[in-house]
Amino acid sequence: MAGNFIPMVYAVLKDKGVDTRDMTADEAVEKYNELTGKTGRYDVGTGDKEKPQSSGEHKQLPSIDEDKKAALKKLVETLKNVKKIKMKELAEMIKNFQPIELHTDNKSILAEFDKFTANKNLYAKGNSTQRGFLYKKEHIKDLPSYITNSKYDYSSEETGKKTAAHKDVKFWHYFKGKVETDKGTYDITINIRDKGDKQFVYEIAFR
């Protein structure tokens, strides 16, 4: 309060060697604030600290936490957009791979790539392990090489599933491969959709 505050101000100033004999209370408080680094002003009548004056309405500034949340949200949205763009680019890469000649027990086939190849190998883990699926997505450009170096395993007739990928398919041909990496070995299984006149790569599973 004023009765205690003002004498304390003068006492502090005197301790700091300030001549206060001709100072008014307001001048003493101003000098006290200057020397002590205090902010704001004190009403010498009440001893209450006055609030800084501002023109117009005072808008509440966002807190640091709110700023962090907004920045994190923006970062997440950006990463999602980057991922979508990358996935589209990988899908186009797969669809544009050149056909690969393979051989079963009784015929040669030319395995092509289409949208079902891209969807099956990019957006679904399928028969791959989680570790194998991640490896495959990181090495999409190498898929033609893995297929070319695979060995024929067996063939089976289409069972009549009513899905777009199975439409007009007559046989499925399976090929096996293997890739050794510095993080371990992956067994590869490749299945080919055979429509009679055309054949298409379907899933390339890494286990």
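Everything discussed here concerns the structure shown above.
Every value quoted in this text rests on a predicted model; they were computed, and no experiment measured them.

A. Layout of the sheet that holds strand 4 (residues 108–112). As summarised here, the arrangement of the six strands in space is 3-4-8-7-6-5, forming an open sheet in which the pairing is mixed. For this open sheet the edge positions go to strand 3 (100–103) and strand 5 (151–157), each flanked by a neighbour on one side alone. Shown here is a sheet whose adjacent strand axes are inclined to one another by a mean of 35°, direction ignored. Where strand 3 lies against strand 4, four bridges are found, and the strand directions are antiparallel. Bridging from a neighbouring strand, leucine 102 pairs with isoleucine 109 of strand 4. Together, strand 6 (171–181), strand 7 (184–194) and strand 8 (199–206) form the strand contacts of helix 5 (residues 130–138), whose direction differs from that of strand 8 by roughly 125°.

B. Structural context of the packing of aromatic side chains. Scanning the model with the defined rule gives eight aromatic pairs in all. Judged by centre distance (5.6 Å) and plane angle (70°), the ring pair of tyrosine 146 and phenylalanine 206 falls under edge-to-face. One end of the pair, tyrosine 146, is in helix 6 (residues 143–148); the other, phenylalanine 206, is in strand 8, with 60 residues separating them in the sequence. Here tyrosine 146 and phenylalanine 206 have matching classes, each one buried. Grouped by ring-pair contacts, the aromatic residues Tyr135, Tyr146, Tyr186 and Phe206 constitute a single cluster.

The rules behind the values
- Residues numbered from 1 in each chain as written.
- Predicted model: local features only at pLDDT ≥ 70, side-chain atom pairs only at ≥ 80, totals over all residues.
- Heavy atoms only, no water.
- Pairing = 2+ DSSP bridges.
- Helix = DSSP H or I, 4+ residues; strand = E, 2+ residues; numbered from the N terminus.
- Axes fitted to C-alpha atoms, helices over the stretch in contact; angles between N-to-C directions.
- Contact = heavy atoms within 4.5 Å.
- Phe/Tyr/Trp six-rings, centres within 6.5 Å; stacked < 30°, edge-to-face > 60°.
- Buried < 20%, exposed > 50% of the residue type's maximum accessible area, 1.4 Å probe, protein only.

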